[in-house]
Amino acid sequence: AIGRVLRARGIQGVVVGSLPEGMERVALAWEHFAAVALGPSLREPRLHTVMVDTDGAVRATLTGLAAHGFARPGLCLPRAAELRNRSLHTAGFLS
């Protein structure tokens, strides 16, 4: 259904953002589109994937906080989000 609408509108590319918990597939006739996934949440089909540099972003945030005088920042994340993100936020925080 959505694939027909996209093709009718001349859309040739699809960028798949982060999917909700438990959703790992998107039903689409992929052979009609150039496609890329943002992050690891899409399991099927296997697409080229781009990801944010989570470690670098967390470290840059900590550097900025220190520059503003914050000496003991903390990190609080929902466990499900951290597991889904392969603990990258925690790794950046602890590095």
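Residues numbered from 1 in each chain as written. Predicted model: local features only at pLDDT ≥ 70, side-chain atom pairs only at ≥ 80, totals over all residues. Heavy atoms only, no water.

Trainee: Is there a simple way to explain helix 2 (residues 54-67) in this structure?
Mentor: Note on helix geometry: an α-helix contains 3.6 residues per turn, so any two residues three or four positions apart are oriented the same way. Taking 1.5 Å of rise per residue, 14 residues should cover 20 Å, and helix 2 covers 20 Å from first to last C-alpha, within 8% of that figure. Backbone geometry just downstream of helix 2 places Gly69 in the positive-phi region, at approximately 90 degrees. (Helix = DSSP H or I, 4+ residues; strand = E, 2+ residues; numbered from the N terminus. Expected span 1.5 Å × (residues − 1).)

Trainee: Even after reading the chapter, I still don't get the nonpolar core, so can you show me in this structure?
Mentor: Core analysis: the biggest nonpolar cluster contains 9 residues, these being Leu6, Val14, Val16, Leu19, Leu28, Trp30, Phe33, Ala37 and Leu42. Excluding anything up to four places from it in sequence, Trp30 contacts Val14, Val16, Ala35, Pro45 and Leu47. (Core = buried A, V, L, I, M, F, W, Y, C linked by side-chain atoms within 4.5 Å. Buried < 20%, exposed > 50% of the residue type's maximum accessible area, 1.4 Å probe, protein only. Contact = heavy atoms within 4.5 Å.)

Trainee: Any chance you could explain the side chain of Ser41 here in plain terms?
Mentor: Along the chain, the position of Ser41 falls in the loop between strand 2 (34-38) and strand 3 (48-50). Sequence-distant contacts of Ser41, that is, excluding residues within four places in its chain, are made with Gly17, Ser18, Leu19, Met23, Glu24 and Arg84.

Trainee: Sorry, what's going on with the pairing of strand 1 (residues 13-16) here?
Mentor: Both faces of the sheet carry side chains from a regular strand, because those side chains alternate between them. Alternating residues of strand 1 divide into Val14 and Val16, all buried, and Gly13 and Val15, none buried. Of the strand pairs in this sheet, strand 1 and strand 2 are connected by 4 bridges, and their pairing is parallel. Among the inter-strand pairings, Gly13 is bridged to a residue of strand 2, identified as Ala34. (Pairing = 2+ DSSP bridges.)

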